[in-house]
Amino acid sequence: MGEHLSRTIAEGRAFMQLVGGQKVDSLTGQRIDVVCPSDGKVFASIPASGEGDVDLAVRAARRAFDEGPWARMPAVERGRLLTKLGLLVEKNATELAALESRDTGKPVRQGRADVNATKRYYEFYGGAADKIHGDTIPFLDGYTALTLREPHGVVAGIIPWNYPLQILARVAGAALAMGNTLVVKPAEDASLSTIRIAELALEAGFPQGVFNVVTGYGRDAGAALSAHPLVDYVTFTGSPATGAAIQKAAAGNNRGVTMELGGKSPQIVFADADIDLALPVLVNAIIQNGGQTCSAGSRVLVERAVYEDVANGLAERFSELVAGAHDADLDLGALINPRQRQRVAAMVSDAEDAGCEILARGSIHADAPEGGFYYEPALIAAKDPKLAIAQEEVFGPVLILLAFDDEADALQIANGTEYGLVAGIWTRDGARQHRVAKRVRAGQIFVNAYGAGGGIELPFGGFRKSGHGREKGFEALYDMSATKTIVFNHG
Ligand code: NAI
Ligand code: MG
């Protein structure tokens, strides 16, 4: 049933955005075609909003924050609304998974996993809303000093297309738990699940204007939102270049930002590792969502003594990988759009020109529809860790293999890119596990495991070009609020 639904869902629908609790079209009257990456066909449309629409949405969020019932609602009540939204996500799980997989081309199985994580985010932040509090501070005689945790106000969330449901949930969960109001601009390539979640938020009973969605292109709606003077805080997940543009726009108003800008995350395999345990995890960490994952384990660093074994094991698995339509539920789906496919193909052919060897390729299923944006997974041996293919985020099903001599060499290669989001360490040596985990520059480290996707409780974010600020877990609640210090002189 889910599979059939994922092929037909939302067929022909002209979606509306949500502003001030109303479903509205854009003032521009323009629309963006919604395309399924599995076959490249248009199946619905969304409003192509501009500055005027963004202004209406920000003003609605501003009013809801300044004047609405939201501002004075007890934390436990905000938490209950989030918990209710989580229950509605669960109730509509089949539809949401089908919608997400048709819109993004991801296998339905991945859509279902995304829905489960989404439900968990709203559940987690629903429970957390009334469990975060300030301090009392020992101070001068005759005084009492305390802190309150205050929301920023209007939070703007600019969301990418790779995991729209999950990334929206981590932003909205934390922002709303702390009492902010929200204006979300989902990616032009994948806005449908965000629209549905905002509709479910209305059904859950969030007051009007608390949860607004404006759809449109990044250069129009996205740019207007990040520069809007009535926005108090901006959170973004996406490319470093767009992140820099958004930070400049927010700097025009001196507003705070959270930036999650992807990575080139290493998995370090030492000679004493349990290779059989590692191999399937190494493959999954790059193949999940077709490699279009900020936390993808896109570089595997292997100690020379076991390099051949690991390379052969990975090559065997890579040659068996099959890409196909989202509802065929194979190892991976199509990439999001022709531009992304072209970008991945160009990076791989540049690597070949630079002398890198392709050790194995997966395939595209014979039944995969014509017109889909498929790319055969590739396992590439990169002789030089300084080559672009080993330095830059590919955001496709492309795994880079590198050899290292010893622990110091491994650390140098692991820390030798501009990114620092996630790392995996594979070794049975307990002292080395601790030592390497401390010395690798990344926001999340997994030892004999890998995977950030499910861990909604775990703080997540990067160093350097991977961004700044932390999302997920309890930590996100601090980013989505600020302390206010109050001092009483009582003599
Ligand atoms: P992007 O970073 O340009 O798009 C992400 C979001 O930003 C979308 O909602 C888009 O509409 C918005 N946006 C674009 N330009 C904007 C602007 N000037 N002001 C405000 N918002 C704007 O990413 P794109 O071009 O779709 O993908 C290019 C590369 O970015 C990928 O190959 C990948 O390497 C990286 N990327 C990383 C993601 C991550 O999860 N860290 C997610 C998506 C892309
Ligand atoms: Mg789409």
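Residues numbered from 1 in each chain as written. Chains lettered and ligands numbered in written order. Predicted model: local features only at pLDDT ≥ 70, side-chain atom pairs only at ≥ 80, totals over all residues. Heavy atoms only, no water.

### A closer look at unusual backbone geometry
So, point 1. Despite not being glycine, Phe 395 has its phi angle at roughly 60°, a positive value.
So, point 2. Topologically, Phe 395 is positioned in the loop between helix H13 (388-391) and strand E19 (398-404).
So, point 3. Within the chain, Arg 464 stands out as a residue other than glycine whose phi angle is a positive 50°.
So, point 4. Position of Arg 464 relative to the elements: it lies in the loop between strand E21 (444-447) and strand E22 (467-468). (Helix = DSSP H or I, 4+ residues; strand = E, 2+ residues; numbered from the N terminus.)

### Some remarks on the sheet that holds strand E7 (residues 143-151)
So, point 1. On the basis of which strands lie adjacent, the open sheet formed by three strands has the order E6-E7-E23 and antiparallel pairing. Each end of this open sheet is capped by a strand with a single partner; those strands are strand E6 (136-137) and strand E23 (481-489).
So, point 2. Bridge count for E7 against E23 is nine bridges, and the pairing is antiparallel. Bridge pairing in E23 links Ala 145 to Val 487. (Pairing = 2+ DSSP bridges.)

### Quick notes on the pairing of strand E13 (residues 266-269)
So, point 1. Side chains of E13 alternate between two faces, with Pro 266 and Ile 268 and Gln 267 and Val 269 buried alike.
So, point 2. Direction of pairing for E13 relative to strand E14 (residues 299-303): parallel, over a ladder of four bridges. Bridge assignment links Val 269 to a residue of E14, and that residue is Val 302.
So, point 3. Following the backbone out of E13, through helix H10 (residues 275-287) and into the adjacent parallel E14, one traces a crossover that is right-handed.
So, point 4. Where E13 lies against strand E20 (residues 422-426), three bridges are found, and the strand directions are parallel. By the bridge assignment, Val 269 is partnered in E20 with Trp 426. (Buried < 20%, exposed > 50% of the residue type's maximum accessible area, 1.4 Å probe, protein only. Right-handed = clockwise from strand over helix to strand, strands pointing away.)

### Things to note about the packing of aromatic side chains
To describe a pair of aromatic rings, one takes the distance between the centres and the angle between the planes.
So, point 1. Per the counting criterion, the structure on display carries seven aromatic pairs.
So, point 2. Look at Trp 70 and Phe 206: their rings are 5.8 Å apart centre to centre, the planes differ by 50°, and that puts the pair in the tilted class. On the criterion of sequence distance, the pair formed by Trp 70 in the loop between helix H2 (51-66) and helix H3 (75-91) and Phe 206 in the loop between helix H7 (192-204) and strand E10 (211-213) is long-range, its members being 136 residues apart.
So, point 3. The class of Trp 70 is buried, set by a relative accessible area of 1%. (Phe/Tyr/Trp six-rings, centres within 6.5 Å; stacked < 30°, edge-to-face > 60°.)

### Thoughts on the packing of helix H4 (residues 93-104) against helix H5 (residues 108-128)
So, point 1. Their axes nearest at 8 Å, the elements H4 and H5 cross at an angle of 125°. It follows that H4 is oblique to H5 by the angle criterion. Of the two possible hands of crossing, H4 and H5 adopt the one that is right-handed. Along the contact surface, H4 presents Ala 93, Leu 96, Ala 97 and Ser 101, while H5 presents Val 108, Gly 111, Arg 112 and Val 115.
So, point 2. Among the residues making up the contact of H4 with H5, the classes are represented as five nonpolar, two polar and one charged. (Axes fitted to C-alpha atoms, helices over the stretch in contact; angles between N-to-C directions. Parallel < 35°, antiparallel > 145°, perpendicular 65-115°, else oblique. Left-handed = near helix turned anticlockwise from the far one by under 90°. Contact = heavy atoms within 4.5 Å. Nonpolar A, V, L, I, M, F, W, Y, C, P; charged D, E, K, R; others polar.)

### Describing the coordination of the magnesium ion (ligand 2)
So, point 1. Protein coordination of the magnesium ion (ligand 2) is provided by Val 35 (O), Asp 103 (O), Asp 103 (OD) and Asp 189 (O), with donor distances spanning 2.3 to 2.6 Å.
So, point 2. In this structure Val 35 comes out as partly exposed when scored by relative accessible area, which is 26%.
So, point 3. Using a relative accessible area of 26% as the deciding quantity, one classes Asp 189 as partly exposed. (Donors = N, O, S within 2.8 Å, 3.2 Å for Na, K, Ca; no water.)

### Digging into the domain arrangement of the chain
So, point 1. Domain boundaries assigned for the chain yield domain 1 (2-261) and domain 2 (266-458).
So, point 2. Each side of the interface is counted separately: domain 1 has 31 residues, and domain 2 has 31 residues.
So, point 3. Taken together, the two surfaces of domain 1 and domain 2 that pack against each other cover about 2600 Å², and 53% of this comes from carbon and sulfur.
So, point 4. Inspection of the domain 1/domain 2 interface yields three salt bridges.
So, point 5. A salt bridge links Arg 7 to Asp 327, with the nearest nitrogen and oxygen atoms 2.6 Å apart. (Domains from an automatic or database assignment. Buried area = accessible area lost by both parts, 1.4 Å probe. Salt bridge = Lys/Arg side-chain N within 4 Å of Asp/Glu carboxyl O.)

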